[in-house]
Amino acid sequence: MMNDLNIPFFRKTMFAGMATLFLSTGVTQANPVSAGEEVTEKHAAALPLQKKVTITGVVKDALGPVVGANVVEKGTTNGTVTDMEGRFSLQVSSNAVLIISYIGYIDQAIPVNGKSSFTVLLKEDSQALDEVVVVGYGTQKKVNMTGAVASVDMSKMVDSRPITSLSAGLAGMAPGVSVAAGNGGRPGNDGATIRVRGQGTLNDSNPLVIIDGVEASMNNINPQDVESISVLKDAASSAIYGSRAANGVILITTRRGKSGEAKISYNGYVTMQKVANRIDLVSNYADYMELYNEGQLNSGLPAIFSQEKIDEWRAAGDSDPVKYPNSDWQDALFQTGWMQNHTININGGSDKIHYYISGNYMNNPGIMENSGYERYSARVNLDAEVKDWFTIGVNAYGTRGKEELGLLKTESNDNFYTYMQATTPGICYQAPDGRYGGVNNSEDDPQSSSNNVLKMLNDVKGNRTTNNIVSRFYAQLRPFKGLTIEGSYTYAFSDQFLYQQPVFHDLWNLYDNTLQIAGTGVSKVINRNNKTVRNNMDGLVRYETDIDRLNIQATVGASQEAWDEKYLLEANLRADASSRFAKKYRWGYFPSFSLGWRMEQEAFMKDISWLNQLKLRASYGSLGNNAVGNYDYQLYYQASNYVLNDALQIGMAQRALSNAALTWETSYVTNFGVDFALFSKLSGTIDAFVKNTKGILIELPAPLVHGNATVPKSNAAEVRNRGVELSLNWNDKV
């Protein structure tokens, strides 16, 4: 069957980098047929066989010969590639049209027209100049950006590797973004901890996550629905989002429908999961007893195990693993899990209406018993241009997840290792008839019987079911050129139902088939339902105009200017007020600005053919954080018990101290950056930053004279983050 597979050549994208590597969409491309010029093919309809001619040529770019360019006869599979000197030779029809293509250049169509020799000059594609990146409340050309923004094309990443959690999928995708796995990869609760440029405060350091303009959790979204991700890292780029942006902002844009016929696509995989590295344990019980006795004797204590028991177990070997177990508790704890993920979507539309509809099913049984997670999700993105000046749309998605509860008893996966280390290999964790085993050796510690981790996983039954629905309805009004007014309404609903019931299992001594610990206890059944509804409305006004060679874009509180596509300026002013502070300290003002200079656009740089881009950036700004309780600044009374006349009474007392001088925790961020592209192949970004966070809100020790009253937070701490970020992209073919 493999003989039918014919692959004449293949493409491979190479990556290089010192810190973080990216996938890049083309930086350059070739010289097309001139605008308005048509390439026609003449067919000799009456001839059964067209005359073949041999043509030769060389393919070059501004730097010289192009190696590995594709030369194909249009409409056929007849083709070749250029050699080390950029030359090619091909036999084609006399009226053929040649298609010359190469990564990063514009495809060229050349009619043969009786010629036998060609010199083809490829020109770079200007696509990189038109690439836009999602930034605060809008988009911006990447070449005109002055802030520290990293963009991730997740639509390509999800096609190359299995990703169940979007937050975990960000690992290694953007410089300055650290991703730490959460909850040991527990199914349904495996969202990662994300830090943008480190731990910037002693309080909550999680970045703000915005999905299609709505604050939401990254772990409630299907990764296959994501089009792109932008990470705003400095104060200039994230200041417009206010106090929630002090730790960075992650902007997620989901896929949209495109004009044309409906297209249906499927993405799915089945993958095997198992523990890659296991601990080397003493699982031979006879060896374990000897080593335990040795440790006792070395400590001046009597031996625990008799030589008769040691000899009995060693003689039995593996002949009867139920009566004479030699258990490795990792075998009991871990299993091989087969995870599956399936996504199907349909998108299309007309010139006025676009739609994207998707459905996803994911089932992750986990690598421990009774710890699986199953999820269904659906998304609908619609937009309609009702008039040339009026657009409406909706972004809606819903998820339903069901999580097994085996890991709830010990709260986290890590605790299983604590129980595992406290047991012995002389326990058969489960007999073939389903009974759970305790200690088989009467000389062993009977308390070890309670550490049967497999039994613990199955000591609870039930599930936690979570339903989430988020719908955003928006309208965009463009009354005249340059002015955009946008408003939206968001409805978010979350419903979580927990059913939990204990299961009592007996523990048996399977050496002599006697009941060791009876499975009894108090049965407590939990049926809990939590519902949360959130309604949110927002409005936005943007204005863009060109004055001579000056381009101005303005949003309420922010402005961007570009002079002659060379000199760039962006300024923001954010004023925030928080009821968590006293009136005197309630308002905080957080300005920021950034500058950029596109040096490659200068006349004195035009003759440097190998330099495609060189941009210098600098930014400075401040961000606020109000990480305190709602009433820490004022005195208030709470219910308190006291004794009066030998009887317990309930009264009111001041149980917490106040701090009326509380104010904003402020971060000051300085950033210098360089963006460059060389030889139409190598591109990269270098950023150096310093972030000083002052007035961090923390609780300080208080004298005991204050009794047991709660101490309020104070603006007392400082944190400094410094670093250098480097990303390199290499686009070529080998």
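Residues numbered from 1 in each chain as written. Predicted model: local features only at pLDDT ≥ 70, side-chain atom pairs only at ≥ 80, totals over all residues. Heavy atoms only, no water.

Section: the confidence of the model for the protein chain
For step 1, the next point in the chain: Here the protein chain averages 82 in pLDDT, while 85% of its residues score no lower than 70.
For step 2, the next point in the chain: pLDDT under 50 marks residues 1–48. Its contacts with residues more than four places away, or in other chains, come to 100 contacts. (pLDDT = per-residue confidence, 0-100. Contact = heavy atoms within 4.5 Å.)

What to know about the sheet that holds strand β15 (residues 208–211)
For step 1, the next point in the chain: Judged by pairing direction, the sheet is mixed, and its five strands sit side by side in the order β12-β17-β18-β15-β16 without closing on themselves. A single partner strand is all that each edge strand has here, and the edge strands are β12 (149–152) and β16 (214–215).
For step 2, the next point in the chain: In this sheet, strand β18 (residues 249–254) lies alongside strand β17 (residues 226–232) in antiparallel orientation, the contact comprising six bridges. Paired with L232 across the two strands is V249, which belongs to β18. (Pairing = 2+ DSSP bridges. Helix = DSSP H or I, 4+ residues; strand = E, 2+ residues; numbered from the N terminus.)

Things to note about the nonpolar core
For step 1, the next point in the chain: Core analysis: the largest hydrophobic core is formed by 22 residues, its most contacted members being M154, L166, M218, I229, I250 and I252.
For step 2, the next point in the chain: Looking at this core, the elements that each hand over two or more residues are β12, α2 (154–157), β14 (193–196), β15, β17 and β18.
For step 3, the next point in the chain: Considering each element in turn, this core owes the most residues, three residues, to β17.
For step 4, the next point in the chain: Among all residues touching M154, those that are not within four sequence positions of it are I163, L166, M173, V226, E227, S228 and I229. (Core = buried A, V, L, I, M, F, W, Y, C linked by side-chain atoms within 4.5 Å. Buried < 20%, exposed > 50% of the residue type's maximum accessible area, 1.4 Å probe, protein only.)

Topic: the side chain of S471
For step 1, the next point in the chain: Its location among the elements puts S471 in strand β25 (residues 460–477).
For step 2, the next point in the chain: Judged by relative accessible area, which is 13%, S471 ranks as buried.
For step 3, the next point in the chain: Those residues within four positions of S471 in sequence are excluded, and the remaining contacts are N395, A396, Y489, T490 and Y491.

Structural notes on a nonpolar patch on the surface
For step 1, the next point in the chain: On the surface, a nonpolar cluster with roughly 500 Å² of combined accessible area is contributed by F473, Y489, Y491, V533 and M537.
For step 2, the next point in the chain: Within the residue set of the nonpolar patch, elements represented by two or more residues are β26 (483–502) and β29 (526–547).
For step 3, the next point in the chain: The topology assignment puts F473 in strand β25.
For step 4, the next point in the chain: We classify F473 as partly exposed; its relative accessible area is 42%. (Patch = residues over 30% accessible without salt bridge, like charges linked within 9 Å, V, L, I, M, F, W, Y side chains within 5 Å. Areas by Shrake-Rupley, 256 points an atom, 1.4 Å probe, with all protein chains shown as cover. Salt bridge = Lys/Arg side-chain N within 4 Å of Asp/Glu carboxyl O.)

What about the environment of Q501?
For step 1, the next point in the chain: When you line up the elements, Q501 lands in strand β26.
For step 2, the next point in the chain: The sequence separation of Q501 and V525 amounts to 24 residues, and the corresponding C-alpha distance is 4.7 Å.
For step 3, the next point in the chain: Ignoring sequence-local partners within four residues, the contact set of Q501 consists of D459, V460, K461, K524 and V525.
For step 4, the next point in the chain: Side-chain polar atoms of Q501 contact the side chain of Y499, separated by 2.4 Å. (Polar contact = N/O pair within 3.5 Å; in protein donor to acceptor, adjacent residues only side chain to side chain.)

Focus: unusual backbone geometry
For step 1, the next point in the chain: Positive phi values are uncommon outside glycine, yet N513 reaches one of about 55°.
For step 2, the next point in the chain: Relative to the helices and strands, N513 resides in the loop between β27 (507–509) and β28 (514–517).
For step 3, the next point in the chain: Given the relative accessible area of 47%, N513 is considered partly exposed.
For step 4, the next point in the chain: Despite not being glycine, D646 shows a phi value in the positive range, around 60°.
For step 5, the next point in the chain: The class for D646 is exposed, based on a relative accessible area of 80%.

Brief notes about the sheet that holds β27
For step 1, the next point in the chain: Read across the sheet, three strands follow the order β24-β27-β28 without closing on themselves; strand pairing throughout is mixed. The open sheet has two edge strands with one neighbour each: β24 (436–437) and β28.
For step 2, the next point in the chain: Where β24 lies against β27, two bridges are found, and the strand directions are parallel. In the strand pairing of β27, G437 is matched with W508.

Considerations on the packing of aromatic side chains
For step 1, the next point in the chain: Overall, the coordinates contain 16 aromatic pairs when judged by the stated rule.
For step 2, the next point in the chain: Ring centres 5.9 Å apart and planes at 35° place the aromatic pair W389 and F390 in the tilted group.
For step 3, the next point in the chain: In textbook terms, an aromatic cluster arises when at least three aromatic residues are bridged by ring pairs, as seen for Y285, Y288, Y292, F305, W313, Y324 and Y511.
For step 4, the next point in the chain: In this arrangement the basic side chain of R197 is found over the ring face of F689, its NZ or CZ atom lying 4.1 Å from the centre. (Phe/Tyr/Trp six-rings, centres within 6.5 Å; stacked < 30°, edge-to-face > 60°. Lys NZ or Arg CZ within 6 Å of the ring centre and 35° of its normal.)

With respect to the packing of helix α5 (residues 285–298) against helix α6 (residues 307–316)
For step 1, the next point in the chain: Running from N to C, α5 and α6 cross one another at 155°; their axes reach a closest spacing of 8 Å. The orientation of α5 with respect to α6, classified from their angle, is roughly antiparallel. Here α5 runs over α6; the crossing is left-handed. Contacts between α5 and α6 involve Y285, A286, D287, M289, E290 and N293 from the former and K309, I310, W313 and R314 from the latter. (Axes fitted to C-alpha atoms, helices over the stretch in contact; angles between N-to-C directions. Parallel < 35°, antiparallel > 145°, perpendicular 65-115°, else oblique. Left-handed = near helix turned anticlockwise from the far one by under 90°.)

Observations concerning the pairing of strand β33 (residues 587–598)
For step 1, the next point in the chain: Of the two faces of β33, the one holding G588, F590, S592, S594, G596 and R598 is buried and the one holding W587, Y589, P591, F593, L595 and W597 is not buried anywhere.
For step 2, the next point in the chain: With 11 bridges joining them, strand β32 (residues 567–577) and β33 adopt antiparallel strand pairing. Pairing of R574 across the sheet is with F590, part of β33.
For step 3, the next point in the chain: With seven bridges joining them, β33 and strand β34 (residues 611–625) adopt antiparallel strand pairing.

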